[in-house]
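# Coordinate analysis (summary)
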Amino acid sequence: MTEIKQTSTNFSNKSALSDECPEAYASTIIGGQWTLVICSWLLSGKLRFGELKKKLPNITERMLTLQLRKLEENMIISRTVYAEVPPRVEYELTPIGYSLKPVIKELENWGVRHKKLTSKQLETEG
């Protein structure tokens, strides 16, 4: 996950669009490949890093770490470190993160409907 150079035209365009369009702003925050999947697992409560990793077997540890940091930076999740040996870290959704629940559920429903539509189209073509 590389950062966009702040001097690039792409960065300027994204910034301008995010300032003008709340939908574009929201998609910048939650639009990553893993972001909504991580949030959907956290809807059921706190999870430790290892638990998230087990639920997302195709994500690398590095990518999971980067995604969790980004979500924390954007105040979607909170990270709690417990002073234990070994240290225990738990991730949970913040109130603004929990407010994504209807969005996640509606995207899930939309995804199911769209998959059915595209599979029907493939059947008629084939």
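Figured I'd write up the structure that's included with this text. (Residues numbered from 1 in each chain as written. Predicted model: local features only at pLDDT ≥ 70, side-chain atom pairs only at ≥ 80, totals over all residues. Heavy atoms only, no water.)

If you trace the 3 strands from one edge of the open sheet to the other, you get 1-3-2, paired in antiparallel fashion. Both edges of this open sheet fall to strand 1 (47-48) and strand 2 (77-82), since each of them pairs with a single strand only. The pairing of strand 2 with strand 3 (residues 88-93) spans 6 bridges and is antiparallel. In the strand pairing of strand 3, Arg-79 is matched with Tyr-91. (Pairing = 2+ DSSP bridges. Helix = DSSP H or I, 4+ residues; strand = E, 2+ residues; numbered from the N terminus.)

The next point concerns the pairing of strand 3. Inspection of the sheet shows strand 1 paired to strand 3 by 2 bridges, in the antiparallel sense. Following the sheet pairing, Leu-47 is matched in strand 3 by Tyr-91. Linkage of strand 2 to strand 3, two consecutive antiparallel strands, is achieved through a turn of 5 residues.

Turning to the pattern of salt bridges, a few remarks are in order. When charged atoms on two side chains of opposite charge get close, those side chains can pair. In the structure shown here, the tally under the stated rule is 5 salt bridges. When the shortest N-O distance is used, the salt bridge between Lys-105 and Glu-108 registers 3.9 Å. With Lys-105 and Glu-108 both in helix 7 (residues 101-125) and 3 residues apart, the pair spans about one turn of that helix. Taking the relative accessible area as the measure of exposure, Lys-105 reaches 39% and is therefore partly exposed. Put simply, Lys-46, Glu-84, Arg-88 and Glu-90 are held in one network by salt bridges that share partners. (Salt bridge = Lys/Arg side-chain N within 4 Å of Asp/Glu carboxyl O. Buried < 20%, exposed > 50% of the residue type's maximum accessible area, 1.4 Å probe, protein only.)

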